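# Observations on the three-dimensional arrangement
Each chain is listed here by its residues.
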Amino acid sequence: MEEIQLTRKQKIGRWLIILASIPALVIIVLLFSVLFNGIFSLANGGKFFSQPDNIDGPQFLYEVVQNFILFFSVLLWTWIFWMKIQKNSFVSIGFYRNAGWIKEIILGFVAGIGLLGSVFLVLLATGNIQINSIEFHPASLATNLIVFLFVGFNEEMITRGYLMGSIKKLSNKVFALVLVAVLFSLMHIFNDNFSLVPFLNIFLAGILLGVVYVYTERLWFAISLHFTWNFFQGPVFGSQVSGNVTDGTFIQLTKTGNPLITGGDFGFEGSLLMTFLMIAAIFIIDYHYHKTQNKKAETQF
């Protein structure tokens, strides 16, 4: 994909657009969230600014629609800053469906299950966690499946799509990858039980989520891995997700080992075991795509 050469003045203008887009996203999300919560409150007999938790309404519907509103907000923001201001097509943010995109979805799914499943099994085998019970809550699993699909799309469109897609045009792909990974980690700084190891691991997760985008400029792997990571970590394996507790999990467990090993109350992604697994995954996936890219270059030559 051919890159357009920008002048210094144009690059400064693009950096200012990127900086302005971040508070703009916050404002758009807040406006639509307040509007939705107000309508939901009124529809369930409350006042416009009532807290949703105090409303006797359909919580399943509330959670799903709330995440759809966030998705709509991100789409609107993308349309304004990616398409109208930067004059890009929507698919260019990372939704190309050329050769290999389905394999990337599968790879993200396998990588997510592999990472979370490995941590779970190792912790279980070493006695660092104990299974209390296994219960099937179809409504909770269905809700979480939809919610985490929206989360995967939203966060990847913002970070690996818009931010990486914009920044790499102003510097280089590696700088964009690292900077966005740092920002991705900082996005979780106000989560419960956030500390140094979770910061490091979420940074590594940002690298892992972005490494395929560096080679393909597609988001399919990142969205698939992000969704699988959250869904299996919380609703399936019963751990916290970035410090957030998930209701109605398939497995209910107790963490008995050292928090540095189990991840403690932040979730498996706060575990040093996850640190080493992600580093290994980054090198393996980077090696695979680097080798594939070299083969294509040799064939074309």
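This write-up is about the structure you can find in this document.

So, how was this worked out
Residues numbered from 1 in each chain as written. Predicted model: local features only at pLDDT ≥ 70, side-chain atom pairs only at ≥ 80, totals over all residues. Heavy atoms only, no water. Salt bridge = Lys/Arg side-chain N within 4 Å of Asp/Glu carboxyl O. Helix = DSSP H or I, 4+ residues; strand = E, 2+ residues; numbered from the N terminus. Buried < 20%, exposed > 50% of the residue type's maximum accessible area, 1.4 Å probe, protein only. Core = buried A, V, L, I, M, F, W, Y, C linked by side-chain atoms within 4.5 Å. Contact = heavy atoms within 4.5 Å. Phe/Tyr/Trp six-rings, centres within 6.5 Å; stacked < 30°, edge-to-face > 60°. Lys NZ or Arg CZ within 6 Å of the ring centre and 35° of its normal. Expected span 1.5 Å × (residues − 1). Bend = angle between axes of the 7 residues up to and from the residue. Axes fitted to C-alpha atoms, helices over the stretch in contact; angles between N-to-C directions. Left-handed = near helix turned anticlockwise from the far one by under 90°. Nonpolar A, V, L, I, M, F, W, Y, C, P; charged D, E, K, R; others polar.

## Section: the pattern of salt bridges
A pair can form between side chains of opposite charge whenever their charged atoms are brought close. Here the structure, examined in full by the defined rule, presents three salt bridges. Its salt-bridge partner being Glu104, residue Arg218 comes within 2.3 Å of it at the nearest N-O pair. One end of the pair, Arg218, is in the loop between α6 (196-216) and α7 (220-236); the other, Glu104, is in helix α3 (residues 101-125), with 114 residues separating them in the sequence. Glu104 matches Arg218 in its accessibility class, with the two residues each being buried. In this structure, Glu156 and Arg160 form a salt bridge, with 2.8 Å as the shortest nitrogen-oxygen distance. Of this pair, Glu156 and Arg160 both sit in helix α4 (residues 138-167), separated by four residues, roughly a single helical turn. Classification of Arg160 as buried rests on a relative accessible area of 0%.

## Description of the nonpolar core
Grouped together as the largest cluster of nonpolar side chains are 71 residues, with contacts concentrated most on Leu115, Tyr162, Leu208, Phe237, Phe268 and Met278. The contact partners of Met278, leaving out residues within four places of it in the chain, are Leu115, Asn201, Leu204, Ala205, Leu208 and Trp229.

## Observations regarding the packing of aromatic side chains
In the structure shown here, the tally under the stated rule is 19 aromatic pairs. The interplanar angle of 85° and the centroid separation of 5.8 Å between the aromatic rings of Phe231 and Phe232 together place this pair among those described as edge-to-face. Taken as a pair, Phe231 and Phe232 share a single burial class, namely buried. By way of ring pairs, the aromatic residues Phe68, Phe71, Phe90, Phe95, Trp101, Phe150, Phe153 and Trp220 are connected into one cluster. Above the face of the Trp101 ring, Arg97 is positioned so that its terminal group lies 5.9 Å from the ring centre.

## Re the side chain of Asn230
With respect to the secondary-structure elements, Asn230 resides in helix α7. Setting aside its immediate chain neighbours within four residues, Asn230 contacts Phe148, Val151, Pro235 and Val241.

## Considerations on α6
Spacing of three or four residues puts side chains on the same side of an α-helix, whose turn is 3.6 residues. Taking 1.5 Å per residue, 21 residues should reach 30 Å; α6 reaches 31 Å between its end C-alpha atoms and fits that length. In α6, a bend of some 30° at Gly210 exceeds every other bend along the element. Where burial is concerned, most of α6 is hidden: 17 out of the 21 residues are buried.

## What about the packing of α4 against α7?
Where α4 meets α7, the axes come as close as 8 Å, and the angle between the chain directions of the two elements is 145°. Pair α4 / α7 crosses with right-handed handedness. Here Leu141, Asn144, Leu145, Phe148, Leu149, Val151, Gly152, Phe153, Glu155 and Glu156 of α4 lie close against α7, whose contacting residues are Ala222, Ile223, His226, Phe227, Asn230, Phe231 and Pro235. Across the contact of α4 with α7, the residue classes tally to eleven nonpolar, four polar and two charged.

## Concerning α7
With 17 residues, α7 should reach 24 Å at 1.5 Å per residue; the first-to-last C-alpha distance of 22 Å fits that figure. Among the 17 residues that make up α7, 17 are buried, leaving the element largely enclosed by the rest of the structure. Once α7 finishes, Gly238 follows within two positions and takes phi at roughly 80°, a positive value.

From the geometry alone we can't say anything about function, so treat these as descriptive.
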